[in-house]
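Structure at a glance
This is what each chain is made of:
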Amino acid sequence: MREVNVTRAMGAAMRRIHVGNALSAFGLGFTVPYLYVYVAQVRGLGAMTAGLVLAVFAVAALIVLPFAGRAIVRRGPLPVLLAALVTAAFGALSLGLAGNAAAVLTAAAALGAGQAVMQPALATMIVDCSTAETRSRAFATQFFLQNLGLGVGGLIGGHLVDTTRVSSFTLLFAIEAAMFLLLAVVLSTVRLPHAPKVGEAPRSAKGSWKQLLGNRAMVQLCVLGFVLFFACYGQFESGLSAYGVEAAGISTSALGSALAANTAVIVIAQFAVLKFVERQKRSRVIAAVGLIWAVAWVVAGYAGLGHGSQAMATAAFVSTYALFGLGEAMLSPTVAPLVADLAPEGMAGQYNSAFALVKQLALAVGPAVGGPMGASLHAPYIVAFLLFSLGITYLALRLGRQLTAVQDQPWLVRKRVVARGGAAVEPVGAEA
């Protein structure tokens, strides 16, 4: 009876987390696509300040994330998340009211820091409210709702915004702040149960970075994660879009269609691929994503370097973003649960923060490298990122050799336990 009550409590908590996650993504969707235009043109602060705002987001994240993991381990994810949401709401509202460069940069730092800490805190709450059996679906649902919320928020925001009226942008940032505060209210009602843990769980875990760096599998996963985010997400709005405009002659409307295709594939394919993905070895799923993205870069190469018509180039470019979306749908139920399963008991917050830090580094370096290459070095750009995608496949297969059976393919292990007539509990694996 107690197990039934715990399961119900975990389900109720997870539903609130997903609702809150959708609300925050919805709020972000209102402002993310229009941030550059707002700072550079509407506020009249120029392209340099707008670029600095984007850099401040990355720098703020890199500063706070090393401390966020320790705070989550010591205080729990919920108090840290609530603090991050209040900080992000303050930053969003301040950004909508800021009229000079100093105020804009200060507000961007608060918003960037809050958003950065939200990621590992939410991920840790999902870990605490799920078991190894339900974790892949929980993270897939989170990713689905994030993309749906961003898409819907961006669509509505596009109809509300008017570049001739500062007040329309102030309204967007106020809505974003309100969504953060609403998320804080929703999540303040969550009661986190203790979730079962996959693998060995050392009782002496203290949230040490030294201990994390001693986990070879986690270090390899971080290296793999850096390449994943650098070669995909770090190129979406920088190198790949610059390449599309300069090499393939893609119009801004076609670029919008490509981004919409990416979101549409994620929303449509997410649960279609979930059942297949969660029954495969995680390392092989990630390796397959590398191959899919390699094909995407080949298609992008045809769009910009081929000799087809403009219509064919546009179709190829849109297909590139769609192929990236398919890979993202395969990764969402794979990578985040693997981070959780590699973490010793009580260390999920530290591991999630470390992986979020790697992601932010990749998102900071990716545009800086890919932007200039995509705009001017068209063939080298395609070849380089084609090789990065093949590198993902190699690194994923190498990582697979460091994982225990339960970490790489938990579904198969549970199936064997049940087939032998035992309870479907998580076997204990050696620390990688």
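Computed from a predicted structure; not experimentally measured.

**Looking at the overall build of the protein chain**
- Within the protein chain, the secondary structure is distributed over 19 helices and zero strands.
- Among the 432 residues that make up the protein chain, the fraction classed as buried is 53%.
- Sequence separation of 24 or more characterises 86% of the internal contacts of the protein chain that already satisfy a separation of 6 or more.
- Split by element, the accessible area of the protein chain, about 18,000 Å² in all, is 67% carbon and sulfur.

**Some details on the side chain of Asn147**
- Structurally, the position occupied by Asn147 is in helix H6 (residues 135-160).
- Once residues within four sequence positions are removed from consideration, Asn147 is found in contact with Thr263 and Ile266.

**Focus: a nonpolar patch on the surface**
- Together, Leu148, Val152, Ile156, Leu160 and Leu171 give the surface a local cluster of nonpolar side chains, amounting to about 360 Å² of exposed area.
- It is H6 that contributes the most residues to the nonpolar patch, four residues altogether.
- Among the secondary structure elements, Leu148 is positioned in helix H6.

**Here's the deal with the packing of aromatic side chains**
- This structure, assessed with the given rule, holds 16 aromatic pairs.
- An aromatic cluster of three or more residues is present, and its members are Phe226, Phe230, Tyr243, Trp293, Trp297, Phe324, Tyr381, Phe385 and Phe388.

**Re the environment of Pro337**
- Topologically, Pro337 is positioned in helix H15 (residues 335-342).
- Placed 70 residues apart in sequence, Pro337 and Gln407 show a C-alpha to C-alpha distance of 9.1 Å.
- Filtering out sequence-adjacent residues up to four positions away, Pro337 remains in contact with Arg135, Ser136, Phe139, Arg282 and Ser332.

**Quick look at the nonpolar core**
- Core analysis: the largest hydrophobic core is formed by 60 residues, its most contacted members being Met218, Leu221, Leu224, Leu240, Trp293 and Phe317.
- Residue assignment for this core shows that the elements contributing at least two residues are helix H9 (216-231), helix H11 (239-246), helix H12 (252-277), helix H13 (282-305), helix H14 (310-331), H15, helix H16 (348-376) and helix H17 (378-400).
- One finds Leu28, Ala50, Phe57 and Ala348 within the second-largest nonpolar core, a separate group that totals 58 residues.

**Describing the pattern of salt bridges**
- Counted according to the given criterion, the structure contains three salt bridges.
- Here Arg135 and Asp341 are joined by a salt bridge, their closest N and O atoms 2.8 Å apart. Of this pair, Arg135 sits in helix H6 while Asp341 sits in helix H15, placing them 206 residues apart in sequence.
- Residue classification places Arg135 among the buried residues on the basis of a relative accessible area of 1%.
- Each member of the salt-bridge network shares a partner with another, and the members are Arg135, Arg282 and Asp341.

**Considering the confidence of the model for the protein chain**
- The predicted model of the protein chain averages 82 in pLDDT, with 88% of residues at 70 or higher.
- Averaged pLDDT values for the elements of the protein chain fall to 58 in helix H19 (residues 410-419) and rise to 95 in H17.
- Contacts of residues 195-207 to residues separated by more than four positions or lying in other chains number 42 contacts, the stretch itself having pLDDT below 50.
- Taken together, the stretch residues 417-432 has pLDDT below 50 and engages in 32 contacts with residues farther than four places along the chain or on a different chain.

**Section: the packing of helix H5 (residues 101-128) against H6**
- Two elements in contact, H5 and H6, have axes whose closest approach is 10 Å; the angle formed by their N-to-C orientations is 145°. The way H5 lies across H6 gives a crossing that is right-handed. Two secondary-structure elements touch here, H5 through Leu122, Ala123, Ile126 and Val127 and H6 through Arg135, Ala138, Phe139 and Gln142.
- For the contact of H5 with H6, a count of residues per class yields six nonpolar, one polar and one charged.

**Let's talk about the environment of Tyr302**
- One can find Tyr302 in helix H13.
- A C-alpha to C-alpha distance of 8.8 Å links Tyr302 and Ala248, two positions 54 residues apart in sequence.
- Look past the residues within four positions of Tyr302 in its chain and what remains in contact with it is Gly308, Met312 and Ala316.

Parameters and conventions
Residues numbered from 1 in each chain as written. Predicted model: local features only at pLDDT ≥ 70, side-chain atom pairs only at ≥ 80, totals over all residues. Heavy atoms only, no water. Helix = DSSP H or I, 4+ residues; strand = E, 2+ residues; numbered from the N terminus. Buried < 20%, exposed > 50% of the residue type's maximum accessible area, 1.4 Å probe, protein only. Contact = heavy atoms within 4.5 Å. Areas by Shrake-Rupley, 256 points an atom, 1.4 Å probe, with all protein chains shown as cover. Patch = residues over 30% accessible without salt bridge, like charges linked within 9 Å, V, L, I, M, F, W, Y side chains within 5 Å. Salt bridge = Lys/Arg side-chain N within 4 Å of Asp/Glu carboxyl O. Phe/Tyr/Trp six-rings, centres within 6.5 Å; stacked < 30°, edge-to-face > 60°. Core = buried A, V, L, I, M, F, W, Y, C linked by side-chain atoms within 4.5 Å. pLDDT = per-residue confidence, 0-100. Axes fitted to C-alpha atoms, helices over the stretch in contact; angles between N-to-C directions. Left-handed = near helix turned anticlockwise from the far one by under 90°. Nonpolar A, V, L, I, M, F, W, Y, C, P; charged D, E, K, R; others polar.

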